[in-house]
Each structure stands twice: as structure tokens, then as C-alpha cells.
Amino acid sequence: MIAKATINRAIRMENQDKQAKAVALKYQSKSDRAPKVIARGRGKMAERIIEIAREYNIYMHNDPDLVEILSKLDLNEEIPSNLYVVVAELLAFIYSLNREEKSR
């Protein structure tokens, strides 16, 4: 279950050599100006990020281009402003999923 004011999201991809990459974002609307990278990795580290996301039912989105950009950011770094629209659309989708889940 994802807390009301906190959105955690994992983005994953596989590159040409089939090595997984993953980036996890966190956004707290009351304290953060923008989502932040809280985990990133490739190979075994990416697999662990994905495993944790599954354990906690955190939405995962497969977007190779986005994960490539986000994987270059430092931990706890906010996403760049040119990604606000893309990430905002994903967050809106996640919010709608959470609303649907609560109404069941």
C-alpha cells in the first residue's frame, strides 16, 4: 500500500545485453519540490530494487529512455525540470490506481 502523501515508484528496463536497470523515485508532496531518485542500479542491484518494489506492491513502469536518463542522477537528487511532465503523468496514473484500489 502506498501512503497518501508519498509516492514510491520503480522504473525498470532491460538493455541490449539483457542486464536489467532500475531506478526508484520517491515524492512527498508536502516536503519535496520534485520527485527524488532513492535507488538506482543495474544487474543484481536492479533485480533487488525490482524485488523490493514487488514486495511492497509499488507500481513499476517499463520505460528504457526514462530509466536511462534517471540512472545518471545521483541518489537523493531531484529529477530535472524537463522530466516534470512525464513523471507527473505517471504519478497521476498511480494516484488513479490508488483511488481504484481504495474504492474496492
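Keep in mind the model is a prediction, meaning the values are calculated, not measured.

What counts and what doesn't
- Residues numbered from 1 in each chain as written.
- Predicted model: local features only at pLDDT ≥ 70, side-chain atom pairs only at ≥ 80, totals over all residues.
- Heavy atoms only, no water.
- Helix = DSSP H or I, 4+ residues; strand = E, 2+ residues; numbered from the N terminus.
- Buried < 20%, exposed > 50% of the residue type's maximum accessible area, 1.4 Å probe, protein only.
- Contact = heavy atoms within 4.5 Å.
- Polar contact = N/O pair within 3.5 Å; in protein donor to acceptor, adjacent residues only side chain to side chain.
- Phe/Tyr/Trp six-rings, centres within 6.5 Å; stacked < 30°, edge-to-face > 60°.
- Salt bridge = Lys/Arg side-chain N within 4 Å of Asp/Glu carboxyl O.

Peer 1: Residue-level account of the side chain of Asp-32, with values.
Peer 2: Within the secondary structure, Asp-32 sits in the loop between β2 (20–28) and β3 (36–42). Exposure remark for Asp-32: the relative accessible area of 13% places this residue in the buried category. In this view, Asp-32 contacts Lys-26 and Tyr-27; residues no more than four positions away in its chain are not counted.

Peer 1: Run through the environment of Ser-71, naming residues and quoting values.
Peer 2: Along the polypeptide, Ser-71 turns up in the loop between α2 (64–70) and α3 (84–103). In the structure, Ser-71 is positioned 49 residues away from Ala-22 in sequence and 7.6 Å away in space, judged by C-alpha atoms. Those residues in contact with Ser-71 that lie beyond four places of it in its chain are Lys-21, Val-23 and Arg-40. A distance of 3.0 Å separates the side chain of Ser-71 from the backbone oxygen of Glu-68, its partner in a polar contact.

Peer 1: If you had to explain the packing of aromatic side chains to someone new, which residues and values would you point to?
Peer 2: To describe a pair of aromatic rings, you give the distance between the ring centres and the angle between the ring planes. Counted according to the given criterion, the structure contains 1 aromatic pair. Taking the centre distance of 5.5 Å and the plane angle of 65° together, the rings of Tyr-59 and Phe-93 count as edge-to-face. Here Tyr-59, found in the loop between α1 (44–55) and β4 (60–62), pairs with Phe-93, found in helix α3; they are 34 residues apart in sequence, far enough to count as distant. For Phe-93, a relative accessible area of 38% translates into the label partly exposed.

Peer 1: Tell me what's going on with the pattern of salt bridges, and back it up with residues and numbers.
Peer 2: Using the criterion set out here, one finds 5 salt bridges in the structure. Among the ionic pairs, Glu-68 bridges to Lys-21, the shortest N-O distance being 2.8 Å. One end of the pair, Glu-68, is in helix α2; the other, Lys-21, is in strand β2, with 47 residues separating them in the sequence. Where Glu-78 meets Arg-33, a salt bridge forms, and the shortest distance between an N and an O atom there is 3.0 Å.

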